[in-house]
Amino acid sequence: MLTEAKRVTKFVLQYFSANLQSAMEYRGAFLSQIIFMFVNNIMLLFFWWVLFSKIESLNGWSFQHIMRLYAIASGAYAVKAILFGGSFSLSSTIAEGGLDFYLALPKPVLLHVLVSRSFASAWGDLVFGLAIFLLTVSPSIGMLLAFVILILAGGLVMTSFAVIAHSLSFWVGYGARLADELTEALLTFSLYPEGIFSAVTRWVLYTLIPAGFVSYLPVRIMDEFSWPYVGLLGFFVLGIVLVARFIFYRGLKRYESGNLVVTNAAG
Amino acid sequence: MVRAGHLKKYLQVAEISLTNRVVYLADHFASSIFLLLILFIFSQLWRTVLGAGGTLAGLDSTGMLWYMVFTEVIVISTPAYHRLVSDEVKSGDIAYKLNRPYSYTLYYLAAHCGEFAIRFVTNLAIGAVFAYLTMGPLQVAWAQLGWVIISFSLAMVLTFLMNFSLALLAFWFEDNRPFFWIQSKLVFIFGGMFVPVEAYPAGLRIVSYLLPMRYGVSAPARLMVDFDYAFLWQVLLGQFIWATILSLITAAMFQKGVRRVHVNGG
C-alpha cells in the first residue's frame, strides 16, 4: 500500500516536473501568462473591495474572509490545472477515442490522463492565492503548510468533480459542454461567500456542487480551527476521490476505442 | 459617407448576420446557463446585502439585479467579429475584401448590429424572466423607452468601435490579444459590470466618467432601471462624443493600416 502510494506520488511528480520544464522552455510567454492571470484575479477582488467600502460585514463575512476565500479557491484551482490539467478535456479524450493511448501503457489510466496536461497560466492563480493568503494571516511555516494542505484538498475535490462530470461522456456521448458548465458552476460558487446563500442553496453547495469543500470549509478551518472540521474535509475528499475513480472505471467498461491516428508523446 | 441608396446593402448584411444567429437559437439558449448562474448568485447576494429598504448607488435589491441583467446582456451579446477582423488583417485576407463594393468597416458594423440585436433579445428574455421570478418586476418608464433604446443603440455602436479599433492594431502588432484582455478588464471595472459606477469612490468614479466603457455598458443599463432626464442628457452626450472620437480614430487607423497591406499576384 505504502509502496504503491510512493510510486503514484513519484509518477505525478515526474509528470509535474516534465510539464514545468516544458512551460519554462518559453520563459517570456510563461511569465506573461502568470502576470496576466495574477492581474485578472486582482480585478475580481475589485468588486468586493467596492462592496465592503459600503458595508461592514456580510452575514459574518468580512473583506478579509473574502480574500481568504479567493486565496483558497484560486490555489485549489491551480492545483487542479497544474497537477491534473487533463481533467479539463477528459470528455473530449473519451469521446474522440483518446484513451487508447493511455490504455496501452502500464500506468493507472485515470491518473495518467489527468497528469498528462498542465496549464502554465495556473501558476498565476497559485502565486495570487499565496500572495493574498500571506496578506491575511501572520505568515509562519505552520500557516504555509496549512495553506498547501487546504488547497491540495480543494484541488482534489475540484478534480474529482470534473472527473465525475466528464465521465458522463461514457454514457451520453459528447458531454463536454455539460461537463464544462458543471465545473464552471463549481468554480463560480467557490468564489462567493456561503453567507449570502439560502439554507437550501447551502445544502446543494455541500453536496451536489461541493463548493463548500473547495473553499467555505477550508476558510472556516483557517478562521476557527477544529479537528471535526478537518476530519469532515478529509472524509469528504477521500469519498469524492473514490466515487470519481469508481464512476470513471465503471464508464471505461463502456468505452469504445476510436480509429483516429494521433501522435502522443509521454514522459 | 454612406449614401441613402447604399444603406440597403448594409441593412441586408445586418439581416444575414441576424438570420445566421436565429438558425442556432437552440444552441444559443443552451449557452445562457452561465448568465442564469451569475444572476442566481447575485439575486441572493443583493437580497442579503440590501435586504428590504437598503440601497446602493440609489438602487434597491430589485433594481441592482435588473441593472446586472442589462450590463451582462450587453456584454455577452456583443459578437466577436473583432477576432475575425484580427485574423483577416494578420493573414492578409483583408486584401480580398478591400476591392468589394462595400466599406469594410461598415460591413462589419452592420454584421455586428445584426448579431447583437438577436443575441440581445434572446439573452434579455432569459435574464428578464429570471429577474422577474426571483426579484419581481422592473418599473419600466414606458413613455421614455424610446430614449433608452437610442442609448442602447449607441452603446452597441460604441462597443463595435472599441473592438474594431483594437482589432485594427493587428496591422502593427503580431499579437493584439493582450489589448482585448486589458479592455475586458477595463469594461469590468469602468463599465460597471456588477455595480453602477456611481457606487465607486470619487476618484474611480471620475475616471469611469471620462472613459468610453461606462457609456457602452453601465450608463444605458442604469438608464433602463432608473430613468432620469438629467442623466439621459449626460449619457447621450458622452455616447455621442465617444462615438465621434472612436469613429475618427478607427477611420485614421484603417486608412494608415491598409497602406501596409501588400498584395502579390500570381
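Below: a short report on this structure. Quantities reported herein were computed from a predicted structural model and do not represent experimental measurements.

The rules we used
- Residues numbered from 1 in each chain as written.
- Chains lettered and ligands numbered in written order.
- Predicted model: local features only at pLDDT ≥ 70, side-chain atom pairs only at ≥ 80, totals over all residues.
- Heavy atoms only, no water.
- Helix = DSSP H or I, 4+ residues; strand = E, 2+ residues; numbered from the N terminus.
- Rg over C-alpha atoms; globule rule 2.2 N^0.38 Å.
- Buried < 20%, exposed > 50% of the residue type's maximum accessible area, 1.4 Å probe, protein only.
- Contact = heavy atoms within 4.5 Å.
- Areas by Shrake-Rupley, 256 points an atom, 1.4 Å probe, with all protein chains shown as cover.
- Lys, Arg positive; Asp, Glu negative; His and termini not counted.
- Charge placed at Lys NZ, Arg CZ, Asp CG, Glu CD.
- Buried area = accessible area lost by both parts, 1.4 Å probe.
- Salt bridge = Lys/Arg side-chain N within 4 Å of Asp/Glu carboxyl O.
- Polar contact = N/O pair within 3.5 Å; in protein donor to acceptor, adjacent residues only side chain to side chain.
- Nonpolar A, V, L, I, M, F, W, Y, C, P; charged D, E, K, R; others polar.
- Axes fitted to C-alpha atoms, helices over the stretch in contact; angles between N-to-C directions.
- Parallel < 35°, antiparallel > 145°, perpendicular 65-115°, else oblique.
- Left-handed = near helix turned anticlockwise from the far one by under 90°.
- Patch = residues over 30% accessible without salt bridge, like charges linked within 9 Å, V, L, I, M, F, W, Y side chains within 5 Å.
- Core = buried A, V, L, I, M, F, W, Y, C linked by side-chain atoms within 4.5 Å.
- Arc of directions from axis to C-beta.
- Phe/Tyr/Trp six-rings, centres within 6.5 Å; stacked < 30°, edge-to-face > 60°.
- Lys NZ or Arg CZ within 6 Å of the ring centre and 35° of its normal.

Things to note about the overall build of chain A
Link 1 in the chain: Within chain A one finds 13 helices and zero strands.
Link 2 in the chain: Across chain A, helices and strands are ordered from the amino to the carboxyl terminus as α-α-α-α-α-α-α-α-α-α-α-α-α.
Link 3 in the chain: A globule of 267 residues ought to have a C-alpha radius of gyration of about 18 Å, and chain A, at 19 Å, matches this closely.
Link 4 in the chain: Along the first, second and third principal axes, the C-alpha atoms of chain A reach 60 × 45 × 40 Å.
Link 5 in the chain: Counting every position in chain A, which comprises 267 residues, the buried fraction comes to 49%.
Link 6 in the chain: Of all intrachain contacts in chain A linking residues separated by at least 6 positions in sequence, the fraction that spans at least 24 positions is 75%.
Link 7 in the chain: Split by element, the accessible area of chain A, about 13,200 Å² in all, is 67% carbon and sulfur.
Link 8 in the chain: Averaging the coordinates of the 16 positive side-chain charges in chain A and doing the same for the 13 negative ones gives two points 7 Å apart.

Brief notes about the interface of chain B and chain A
Link 1 in the chain: Facing the 27 residues of chain B at the interface are 27 residues of chain A.
Link 2 in the chain: Interface area, chain B with chain A, both sides summed: about 2,400 Å², of which 79% is carbon and sulfur.
Link 3 in the chain: Counting across the interface, chain B meets chain A through zero salt bridges.
Link 4 in the chain: Counting every contact that joins chain B to chain A gives five residue pairs in polar contact (both at pLDDT 80 or more).
Link 5 in the chain: When residues of the side of chain B that touches chain A are traced back to their parent elements, those giving at least two are α2 (25–30), α3 (33–50) and α9 (177–190) of chain B.
Link 6 in the chain: Sort the elements by how many residues they give to the side of chain B that touches chain A and α3 of chain B lands first, with 12 residues.
Link 7 in the chain: Of the residues in the side of chain B that touches chain A, the class split is 22 nonpolar, three polar and two charged.

Overview of the packing of helix α3 (residues 63–83) of chain A against helix α7 (residues 122–136) of chain A
Helix-helix packing: each pair is described by the crossing angle between the helix axes and the interaxial distance.
Residues and elements named next belong to chain A.
Link 1 in the chain: Contact pair α3 / α7: the axes reach a minimum separation of 8 Å and the direction vectors enclose 150 degrees. In terms of axis orientation, α3 runs roughly antiparallel to α7. In this structure, α3 meets α7 at a crossing whose hand is left-handed. Contacts between α3 and α7 pair Gln64, Met67, Arg68, Tyr70, Ala71, Ser74, Gly75, Tyr77, Ala78, Ala81 and Ile82 from the former with Ala122, Trp123, Asp125, Leu126, Phe128, Gly129, Ile132, Phe133, Leu135 and Thr136 from the latter.
Link 2 in the chain: Looking at the contact of α3 with α7 residue by residue, the classes come out as 14 nonpolar, five polar and two charged.

Some points on the pattern of salt bridges
Residue and element names in this part refer to chain A.
Link 1 in the chain: All chains considered together, the criterion is met by eight salt bridges over all chains.
Link 2 in the chain: With a shortest N-O distance of 3.0 Å, Arg68 and Asp223 are connected by a salt bridge. Of this pair, Arg68 sits in helix α3 while Asp223 is found in helix α12 (residues 211–223), placing the two residues 155 residues apart along the sequence.
Link 3 in the chain: A relative accessible area of 11% places Arg68 in the buried class.
Link 4 in the chain: By relative accessible area, which is 40% here, Asp223 ends up partly exposed.

Here's the deal with a nonpolar patch on the surface
Residue and element names in this part refer to chain B.
Link 1 in the chain: Taken together, the side chains of Leu237, Phe240, Ile241, Ile245 and Ile249 make up a nonpolar region of the molecular surface, amounting to roughly 460 Å² of accessible area.
Link 2 in the chain: Structurally, the position occupied by Ile249 is in helix α13 (residues 229–258).
Link 3 in the chain: Taking relative accessible area as the criterion, Ile249 reaches 38% and is therefore assigned partly exposed.

Overview of the nonpolar core
Link 1 in the chain: Residues Trp48, Leu99 and Tyr192 of chain A together with Phe42 and Trp46 of chain B are the most contacted members of the largest nonpolar core, which totals 159 residues.
Link 2 in the chain: A per-element tally of this core places helix α7 (residues 104–135) of chain B first, with 13 residues.
Link 3 in the chain: Apart from residues lying up to four places away in sequence, Phe42 of chain B is in contact with Phe47 and Tyr192 of chain A together with Leu65, Met68 and Phe194 of chain B.

A look at unusual backbone geometry
Link 1 in the chain: In the Ramachandran plot, Asn59 of chain A falls in the positive-phi region, its phi being about 45 degrees despite a non-glycine side chain.
Link 2 in the chain: Note on placement: Asn59 of chain A falls in the loop between α2 (27–52) and α3.
Link 3 in the chain: Phi at Ala57 of chain B takes a positive value of approximately 50 degrees, unusual for a residue other than glycine.
Link 4 in the chain: For Ala57 of chain B, the position within the fold is in the loop between α3 and α4 (61–77).

Details of the packing of helix α5 (residues 81–91) of chain B against α7 of chain B
Residue and element names in this part refer to chain B.
Link 1 in the chain: Close contact between α5 and α7 brings their axes to 10 Å; oriented N to C, the two are set at 155 degrees. The pairing of α5 with α7 is recorded here as roughly antiparallel in orientation. With respect to the hand of their crossing, α5 and α7 are arranged in right-handed fashion. Side by side, α5 and α7 meet where Tyr81, Leu84, Val85 and Glu88 of the first sit next to Tyr104, Tyr108, Ala111, His112 and Glu115 of the second.
Link 2 in the chain: In terms of residue class, the contact of α5 with α7 is built from six nonpolar, one polar and two charged.

With respect to α5 of chain B
Link 1 in the chain: Taken residue by residue, α5 of chain B has Tyr81, His82, Val85, Ser86, Glu88 and Val89 of chain B as its buried positions. On an axial view of α5 of chain B, the arc spanned by its buried residues comes to 165 degrees, and they lie on one face.

Quick word on the packing of aromatic side chains
Link 1 in the chain: Counting across every chain of the model gives 46 aromatic pairs over all chains.
Link 2 in the chain: Every member of this aromatic cluster is reached through a ring pair, and the members are Phe47, Trp48, Phe52, Phe63 and Tyr192 of chain A together with Phe42, Trp46, Phe188 and Phe194 of chain B.
Link 3 in the chain: The ring of Phe88 of chain A has Lys80 of chain A lying over it, and the distance from NZ or CZ to the ring centre is 4.2 Å.

Let's talk about the side chain of Thr159 of chain B
Link 1 in the chain: On the secondary structure map, Thr159 of chain B appears in helix α8 (residues 145–168).
Link 2 in the chain: Classification of Thr159 of chain B by relative accessible area gives buried; the value is 9%.

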